[in-house]
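# Inside the fold
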Amino acid sequence: MILQAGEGGRRLPPGFLIGCATAAHQVEGRIDNDWQQWSAEDPSRIADRSNASVACDHYARYREDLAELGAMHHNAHRFSVEWARVEPEPGWFDRAALDHYADVVRACRAAGMEPVVTLHHFTMPRWFARGGGVLRRDAPRLFARYASACAESFGDDVTWWLTINEPAVLAVIGHLQGRWPPGERSLWRTLRVLRGLLLMHAAGAQALHTVAARRGRPAHVSVAHHERPLRPRRRASPLDRAAALVPNHIFNRWFLRACAAGRLLPPLGDGRRIAGLRESLDYLGVNYYCDDAVSFDAASPGTLFARQEADPSLPHSSFGWAIDATGLRRALRSLWQEFRLPLLITENGVADVADELRPRFIVDHLNAALDAVDDGVDLRGYLHWTAWDNFEWAEGYTQRFGLFAVDPVTQARTPKPSATLYASICATGVVPGHAPGDPDPEAYHRGAGAR
Ligand code: FCB
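What comes next concerns the included structure.

Thresholds applied
- Residues numbered from 1 in each chain as written.
- Predicted model: local features only at pLDDT ≥ 70, side-chain atom pairs only at ≥ 80, totals over all residues.
- Heavy atoms only, no water.
- Near = heavy atom within 4 Å.
- Areas by Shrake-Rupley, 256 points an atom, 1.4 Å probe, with all protein chains shown as cover.
- Nonpolar A, V, L, I, M, F, W, Y, C, P; charged D, E, K, R; others polar.
- Phe/Tyr/Trp six-rings, centres within 6.5 Å; stacked < 30°, edge-to-face > 60°.
- Helix = DSSP H or I, 4+ residues; strand = E, 2+ residues; numbered from the N terminus.
- Buried < 20%, exposed > 50% of the residue type's maximum accessible area, 1.4 Å probe, protein only.
- Lys NZ or Arg CZ within 6 Å of the ring centre and 35° of its normal.
- Pairing = 2+ DSSP bridges.
- Axes fitted to C-alpha atoms, helices over the stretch in contact; angles between N-to-C directions.

Now for the site of the ligand. All residues in the neighbourhood of the ligand are listed as Gln26, His121, Phe122, Asn165, Glu166, His226, Tyr289, Glu347, Trp385, Glu392, Trp393 and Phe401. Relative to its unbound accessible area of 290 Å², the ligand is 97% covered by the protein chains. Looking at the shell around the ligand residue by residue, the class counts come to five nonpolar, four polar and three charged.

Turning to the packing of aromatic side chains, a few remarks are in order. Using the criterion set out here, one finds 25 aromatic pairs in the structure. Ring geometry for Trp83 and Tyr146: centres 4.8 Å apart, planes at 10°, overall stacked. Residue Trp83 is located in helix H4 (residues 83-86), and its partner Tyr146 is located in helix H7 (residues 139-154); the two are separated by 63 residues in the primary sequence. When sorted by exposure, Trp83 lands in the same class as Tyr146, which is buried. Considering the side-chain rings of Tyr289 and Phe401, the 6.1 Å spacing of their centres and the 80° angle between planes classify their relative orientation as edge-to-face. Of the two residues, Tyr289 is situated in the loop between strand E9 (284-288) and strand E10 (292-296) and Phe401 in the loop between strand E13 (379-385) and strand E14 (404-406); the sequence distance between them amounts to 112 residues. In textbook terms, an aromatic cluster arises when at least three aromatic residues are bridged by ring pairs, as seen for Trp35, Phe122, Trp180, Phe391, Trp393 and Tyr397. Above the face of the Trp321 ring, Arg228 is positioned so that its terminal group lies 4.7 Å from the ring centre.

Okay, the sheet that holds E10 next. Reading across the sheet, the three strands line up as E8-E10-E11 and stay open at both edges, with mixed pairing between neighbours. Every other strand in the sheet has two partners, leaving strand E8 (230-232) and strand E11 (306-309) as the edge strands with one partner each. Neighbour-to-neighbour, the strand axes of the sheet open up by a mean angle of 40°, direction not taken into account. Note that E10 and E11 share four bridges and pair antiparallel. By the bridge assignment, Val294 is partnered in E11 with Gln308.

So, in structure tokens, the structure goes:
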């Protein structure tokens, strides 16, 4: 039961992790990986023809950046390690890059923040991509070798690990929609990639556990699962219901059920047992942004006849994603009821250029998270996406998810009103019932307008 804390505020559970989530390619700058190649080869692949050459220059500025988040009372911070930096040539590990991430971990701790470390957040070394990427036969072995190198180098100070960020998103956008590298449009390849990512996750998790056990260290390992429930657009329509069923299973549940079973489950596998898979989740990382509506589309066999869109009856972010905090509570309950693993919200946030939606979004979603805790869900923390406006993949810099604005020329960081509100929640451990000084509550209900 959550204690009520004055003026309708609610207290976060003791030990609750609260902070921000980031990803290397989106903030660090100066990385040579498959994504850099993708945007350089054809700038029109990125909405504003930009790239992540500079991004937030966080690779150089991490000390000040992390100190600032600590000063704003965050007690946790999620970041990703860039594989292409750590292993620029196959089998050659760059000591300076590993030392850098060791120092990032130290800087988190010095700022009072528990590090949550992702090993793979969408990007990969070019040499790995050239050899077939996720579908290489040796992908699990190579990923495990990289995971071991990280665990050996800076794992003694890390307890919370994520092997792979959003396997299903990577598979769908890169291999079905063709909007991210390698730009494929094949359902068959999408399913094979999802299976390949599962094998990499199992091998990576096993490597992290092995190194931690040998060094007598605790390691909580998981995947950052993107939960985006697909609901029939018209509940009464059997066709819409049928169209939502299989994509919903494959996108939202197949990977996690395979982990729980320790097997390559149908329809993407033959039931074969996979070493390390069953022990690969100590908790569940949950990235939640919204639910989507699905309708039957006879013209779209390539997506299994499913047309996916934001629920038109809800307000939308500037990205066009639906906003409905009750969806977060439902998502957490559903994952808890099925998997009975402690949950950590590893991403949740809103694209909002003017910061007019974000204050209320944060308050509503934290309240929804606390509702889930009241429902009995074992929720360990909330990591907001994200700290700084950054390179948002195919959207470039057009979508802004940050608590801080970043000047592209001077790199000056400016806290938005939502950053100050979030800092006061982190400092007091109390979530208000409504967003104080909400500039325009009506704006929230209108939404920021779909793209
Ligand atoms: C998630 C990604 C993250 C960011 C947010 C907006 O799917 O994990 O890198 O792009 O969406």
